[in-house]
Amino acid sequence: MAVTMAKQLSPQGLSGVSPPCSAFLVPEKWLRTAWACQRRRAISRSVLCGVMLFALGLVSLFTGQIAADLEWSRIRGRWRSKRVGYNTPTDIWKSEFANLYHGCGDRSPHFRDAVQDSESNGYLLIATSGGLNQQRTGITDAVVVARILNATLVVPELDHHSFWKDDSDFADIFDVDWFINSLSKDVTVVKRIPDKVMRSMEKPPYTMRVPRKSTPEYYLEQVLPLLLRRRAVQLTKFDYRLTNKLDEELQKLRCRVNYHSLRFTKPIKLIGRKLVKRMRTMSSRYIAIHLRFEPDMLAFSGCYFGGGDKERNELGEIRKRWATLPDMSAEVERSRGKCPLTPQEVGLMLRALGFVNNTYLYVASGEIYGGEATLQPLKGLFPNFYTKEMLAGNDLKPFLPFSSRLAAIDYIVCNESDVFATNNNGNMAKILAGHRRYMGHKRTIRPNAKKLSSLFKACKQMEWEMFSRKVKLVQRGFMGEPDEVRPGRGDFHEFPSSCICQNPDHLVIGWTSMKPGIGGNETVRQLAASEVETSGR
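Residues numbered from 1 in each chain as written. Predicted model: local features only at pLDDT ≥ 70, side-chain atom pairs only at ≥ 80, totals over all residues. Heavy atoms only, no water.

Q: Honestly, the overall build of the protein in this entry has me stumped. Any pointers?
A: For the protein, the count of helices and strands is 21 helices and 15 strands. Of the roughly 28,100 Å² that the protein leaves accessible, carbon and sulfur atoms contribute 55%. (Helix = DSSP H or I, 4+ residues; strand = E, 2+ residues; numbered from the N terminus. Areas by Shrake-Rupley, 256 points an atom, 1.4 Å probe, with all protein chains shown as cover.)

Q: Whenever I open this one, the side chain of Ser-417 confuses me. Can you help?
A: With respect to the helices and strands, Ser-417 occurs in the loop between helix H17 (403–415) and strand E10 (419–422). A polar contact of 2.6 Å, which involves the side chain of Ser-417, links it to the backbone oxygen of Cys-414. Look past the residues within four positions of Ser-417 in its chain and what remains in contact with it is Arg-280, Tyr-286, Ala-288, Arg-436 and Lys-442. (Polar contact = N/O pair within 3.5 Å; in protein donor to acceptor, adjacent residues only side chain to side chain. Contact = heavy atoms within 4.5 Å.)

Q: Please explain the layout of surface pockets as it appears in this structure.
A: Which parts of space are left empty comes out when a probe the size of a water molecule is rolled across the atoms. Within this model, the largest pocket holds a volume of roughly 2,000 Å³. Lining of the largest pocket is provided by 50 residues; of these, Arg-292, Met-297, Asn-424, Gly-426 and Asn-427 occupy positions nearest its centre. Of all elements in the fold, only helix H4 (132–149), strand E7 (287–291), helix H11 (295–301), strand E8 (361–365), helix H16 (388–392), H17, helix H18 (427–438) and helix H19 (449–458) reach the threshold of two or more residues within the lining of the largest pocket. When the residues that make up the lining of the largest pocket are grouped by side-chain class, the tally is 20 nonpolar, 17 polar and 13 charged. Around the second largest pocket sit 16 residues that line it, and Phe-264, Ile-412, Asn-415, Glu-416 and His-435 are the ones nearest its centre. When residues of the lining of the second largest pocket are traced back to their parent elements, those giving at least two are helix H9 (248–261), helix H10 (266–282) and H17. For the lining of the second largest pocket, the residue count by class is seven nonpolar, three polar and six charged. (1 Å grid on protein atoms, 1.4 Å probe; cavity = no way out; pocket = protein on both sides within 12 Å on 5 of 7 lines; lining within 4 Å. Points joined across faces, edges and corners; volume = space filled by probe spheres on them. Nonpolar A, V, L, I, M, F, W, Y, C, P; charged D, E, K, R; others polar.)

Q: Looking at this model, I keep getting lost on the pattern of salt bridges. Mind explaining?
A: Inspection of every chain in the model, using the stated rule, returns 25 salt bridges. For the salt bridge of Arg-254 with Asp-141, the shortest nitrogen-to-oxygen distance reads 2.9 Å. Placement of Arg-254 in helix H9 and of Asp-141 in helix H4 is noted, with a sequence separation of 113 residues between them. Each of the two residues, Arg-254 as well as Asp-141, counts as buried. Put simply, Arg-312 and Asp-309 hold a salt bridge, and the shortest N to O gap is 3.6 Å. One end of the pair is Arg-312 and the other is Asp-309, both in helix H12 (residues 308–319) and three residues apart, which spans about a single turn. Relative accessible area serves as the criterion here: at 45%, Arg-312 is assigned to the partly exposed category. A relative accessible area of 56% means that Asp-309 is categorised as exposed. Linked by salt bridges that have partners in common, Arg-107, Asp-113, Asp-186 and Arg-256 make up one network. (Salt bridge = Lys/Arg side-chain N within 4 Å of Asp/Glu carboxyl O. Buried < 20%, exposed > 50% of the residue type's maximum accessible area, 1.4 Å probe, protein only.)

Q: I would appreciate a short explanation of the packing of H10 against H17 in the present structure.
A: Two quantities define a packed helix pair, namely the angle between the axes and the distance from one axis to the other. Contact geometry for H10 and H17: axes closest at 8 Å, N-to-C directions at 45°. The angle between H10 and H17 falls in the class oblique. With respect to the hand of their crossing, H10 and H17 are arranged in right-handed fashion. Here H10 contributes Ile-268, Lys-269, Ile-271, Gly-272, Arg-273, Leu-275 and Val-276 to the contact with H17, which in turn contributes Arg-405, Ala-408, Ile-409, Ile-412 and Val-413. The residue makeup of the contact of H10 with H17, split by class, is eight nonpolar, one polar and three charged. (Axes fitted to C-alpha atoms, helices over the stretch in contact; angles between N-to-C directions. Parallel < 35°, antiparallel > 145°, perpendicular 65-115°, else oblique. Left-handed = near helix turned anticlockwise from the far one by under 90°.)

Q: Please clarify how unusual backbone geometry should be interpreted in this entry.
A: With the exception of glycine, most residues fall at negative phi, and the peptide bonds are largely trans. Unlike most non-glycine residues, Arg-231 shows phi in positive territory, near 75°. Inspection of the secondary structure assignment puts Arg-231 in the loop between helix H8 (216–230) and strand E6 (232–235). Overall, Arg-231 belongs to the partly exposed group, its relative accessible area being 39%. The backbone phi angle of His-441 is positive, close to 50°, even though this residue is not glycine.

Put into structure tokens, the structure is as follows:
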């Protein structure tokens with residue numbers, strides 16, 4: 001050991017030392033200098049190792065995130081593998097993975113009970129806005145806001161002044177007693193502020209409008225002080241006034257309100273079920289289409305639908321109602337996928353996906369721009385074409401003056417359908433898509449309007465088989481499969497991921513479905529040789 005140390009510390013042993021060190025070597029100080037240089041090299045190595053470890057940590061973190069994203073892409077790829085591809089057929093009527101999931105909006109044991117009316121921070125009044133389904137989102141969020149504020153919710157007031165001019169009240173559309181009782185553990189709801197409280201209030205309820213997609217912190221900082229001071233606050237134009245991202249318990253409360261507490265009144269349920277029964281009598285399964293093609297909706301979109309100067313002039317006049325709308329290029333809007341599909345385009349999409357000519361259609365719509373002439377191409381593609389007016393006859397008369405009640409009837413028939421398709425991405429389309437996911441991922445087709453627009457332009461220049469293949473290709477990810485949107489992404493009312501759980505009898509681990517009580521593993525899907533070949537390409 002001593003000999004080795006001497007050799008290392010001798011001038012010859014320091015031949016590898018850098019010039020700044022070797023320049024100070026003199027005979028009488030060489031030992032001390034050598035020791036210092038060796039020590040400096042040890043420190044430099046420690047620093048270098050530390051830097052390298054830090055850099056490796058950053059690389060590991062970065063590659064870990066990439067790996068997670070790649071794993072998600074791989075998962076989605078396997079689930080979608082050839083689902084609507086060129087060669088392998090798919091079940092266009094239902095998802096083969098729907099039975100793996102179920103809606104789970106139940107409150108957890110740790111979610112505290114609602115405070116009693118006398119102990120709350122005050123009364124929250126809500127004035128909703130828009131059509132039935134836009135108001136539905138407002139009612140759902142109103143319950144959650146009341147929970148956040150520890151307030152007593154007064155049954156929301158529906159919009160009587162919107163375009164639809166419907167004077168229906170909450171109790172005319174929804175079962176108000178069921179609404180109050182079903183939410184009793186979550187939020188205290190009353191039909192009106194008690195007279196005794198109203199007489200004791202020095203001032204009427206404070207009225208305000210909160211910004212769109214406000215956070216819980218906003219309500220606690222801006223609304224709660226007013227509620228405590230005035231004892232009652234009314235929030236107006238209440239639609240999409242609560243953020244999309246909330247903690248899981250509040251998201252589940254949203255689901256309990258939307259999918260369980262908002263139950264239609266008995267007259268609406270009866271006629272809705274009657275129409276469903278009539279559709280089922282004619283066919284064991286049917287498609288429901290929500291067809292938004294009203295003149296005001298088309299005018300608002302700024303799109304052009306091929307009707308020439310007549311269409312441009314008519315929709316242009318309607319568009320003047322909205323003074324703040326910017327000038328838009330119809331061609332640009334269509335290329336961005338912002339234009340609703342025409343009835344003919346909806347029919348072409350469905351036929352290209354594989355629905356045959358004798359499929360039964362239920363069409364939920366208002367006034368169609370262009371009337372019967374606009375609908376004729378869709379009827380030609382699907383002659384078994386029905387609406388609530390055709391099915392209900394005189395039973396519909398009591399509901400005709402009320403657009404929201406008619407929309408509620410359509411909602412029931414669409415929600416009960418085997419397949420739901422839409423030509424737009426409006427409020428009813430989103431709410432129904434979320435509801436159908438929650439109830440078992442029932443097939444829900446959203447048009448990939450951005451990519452379909454170019455196909456519709458070129459369809460006359462290609463064979464039907466090629467057109468069909470391309471439609472199936474661009475509709476990947478728009479067919480209502482469980483994996484279409486990563487959890488937490490997208491509009492919560494459309495993708496209620498916090499409220500969708502895996503079935504306990506199909507515990508998916510990686511890509512294996514473990515069935516309790518059964519020896520061995522039953523794969524969710526046999527990864528056949530064709531899939532292996534696909535992944536290897």
